[in-house]
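Geometric and topological summary
Below are the chains, spelled out letter by letter.
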Amino acid sequence: LERDRLLAEKSASTARLARTLAHEVRNPLTNIHLSLDQLEPELTDEELKLFTDIIRRNSRRINTLITELLESFKPQETVLSEVSVVELIERALSEALDRINLKKINLIKHFSKDCRLYLDQSKIKIAFLNLIINAIEAMEAEKGVLTISTVAHQEYFHVIIQDNGVGISQENLNRLFEPYFTLKTNGLGLGLAATLTILQSHHARVEVESELGGGTIFTIAFPFSEK
Ligand code: ADP
Ligand code: MG
């Protein structure tokens with residue numbers, strides 16, 4: 001039964017990915033077709049440049065989408081070792097420090113007694129970094145408060161990343177982890193999809209609490225028993 005459920009989930013997520021990709025490729029493809037339709041011998045140099053630029057940009061976009069898709073399916077070897085979770089948070093934070101300082105974000109840390117778990121340290125660091133960067137990007141300069149806490153509770157070690165940024169509407173909360181879902185003009189929408197894959201491969205749970213205008217809380221629960 002568990003196996004059936006996993007298979008059903010897998011085919012549902014494959015279908016979702018196919019739909020998203022079809023949609024993502026169709027947009028730039030439509031732009032290319034529309035520009036091609038405009039190509040006539042009477043065009044001025046300026047118009048010609050405009051349409052060929054659109055074609056070039058949009059075909060590059062399709063190429064990038066395909067490259068990312070292939071990357072995301074590459075089987076990536078998991079290298080487990082016993083590591084300090086707090087140390088991984090600190091490493092992710094140090095990579096985000098420039099952005100934190102540039103935006104004058106108030107960083108608050110509440111770390112419980114540290115915990116060592118069997119994890120793929122480079123992947124978990126990336127997962128933390130993705131969540132931290134999203135939090136930074138959601139907050140207004142000089143007004144942002146980023147709170148990172150750890151709490152050991154029952155069988156889980158919790159890492160909580162909280163911001164007081166723009167928040168997420170109920171409707172968008174459901175789509176957050178879909179590949180290519182983004183509300184940013186220059187976003188790729190792959191950060192949370194990758195983060196979810198990484199955390200699931202560690203049997204960790206992720207929960208999001210958010211409200212439009214009310215900030216966001218991401219909670220990751222790492223099981224202690226995972227070896
Ligand atoms: P990207 O950051 O490239 O847009 P992500 O997968 O990292 O892609 O995030 C997807 C979307 O989820 C973001 O575009 C944003 O709208 C929303 N989001 C993620 N984290 C937060 C957050 N902490 N606060 C508000 N919105 C968020
Ligand atoms: Mg992101």
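The structure under discussion appears in the preceding block.
Figured I'd write up the structure that's included with this text.

Reading the values: rules and limits
Residues numbered from 1 in each chain as written. Chains lettered and ligands numbered in written order. Predicted model: local features only at pLDDT ≥ 70, side-chain atom pairs only at ≥ 80, totals over all residues. Pairing = 2+ DSSP bridges. Helix = DSSP H or I, 4+ residues; strand = E, 2+ residues; numbered from the N terminus. Axes fitted to C-alpha atoms, helices over the stretch in contact; angles between N-to-C directions. Contact = placed C-beta atoms within 7 Å. Near = placed C-beta within 6 Å. Nonpolar A, V, L, I, M, F, W, Y, C, P; charged D, E, K, R; others polar. Buried ≥ 20, exposed ≤ 12 C-beta atoms within 10 Å, placed from the backbone. Left-handed = near helix turned anticlockwise from the far one by under 90°. Core = buried A, V, L, I, M, F, W, Y, C linked by C-beta atoms within 7 Å.

**Digging into the sheet that holds strand E4 (residues 145–153)**
What the five strands build is an open sheet, ordered E2-E4-E5-E7-E6; its pairing is mixed. Both outer strands of the open sheet, strand E2 (106–110) and strand E6 (205–210), are each paired with one neighbouring strand and no more. In this sheet, neighbouring strand axes are inclined to one another by 15° on average, regardless of whether the strands run parallel or antiparallel. Here helix H4 (residues 121–138) sits on the sheet and contacts E4, strand E5 (156–163) and strand E7 (216–223); the angle it forms with E5, its principal contact strand, is near 25°.

**Focus: the site of ligand 1**
The immediate surroundings of ligand 1 are formed by 22 residues, with Asn134, Ala138, Thr182, Gly187 and Gly191 found nearest. For the shell around ligand 1, the secondary structure elements donating two or more residues are H4 and helix H6 (191–201). Broken down by element, the residue count for the shell around ligand 1 peaks at four residues, all from H4. Taken together, the residues that form the shell around ligand 1 break down as eleven nonpolar, nine polar and two charged.

**Details of H6**
For H6, the full list of buried residues reads Leu192, Ala193, Thr195 and Ile198. On the buried face of H6, the contacting elements are H4. Of the residues flanking the end of H6, it is His203, one or two places downstream, whose phi is positive at about 60°.

**Topic: the packing of H4 against H6**
For any two helices packed against each other, the geometry is given by the interaxial angle and the distance between the axes. Two elements in contact, H4 and H6, have axes whose closest approach is 9 Å; the angle formed by their N-to-C orientations is 145°. The hand of the H4/H6 crossing is left-handed. Listed contacts from H6 to Lys123, Ile124, Ile126, Ala127, Asn130, Leu131 and Asn134 of H4 are Gly191, Leu192, Ala194, Thr195, Ile198 and Leu199. Across the contact of H4 with H6, the residue classes break down as eight nonpolar, four polar and one charged.

**Thoughts on unusual backbone geometry**
One non-glycine residue with positive phi stands out, namely Glu142, at about 70°. You can see Glu142 is positioned in the loop between H4 and E4. One non-glycine residue with positive phi stands out, namely Gln154, at about 50°. Residue placement: Gln154 occurs in the loop between E4 and E5.

**Description of the nonpolar core**
Among the nonpolar cores identified, the biggest contains 28 residues, and Phe128, Ile132 and Ala135 are the most heavily contacted of them. Examining the composition of this core, we find that nine residues originate from one element, H4, more than from any other. In contact with Ile132, not counting residues within four places along its chain, are Ala92, Leu93, Ala96 and Ile161.

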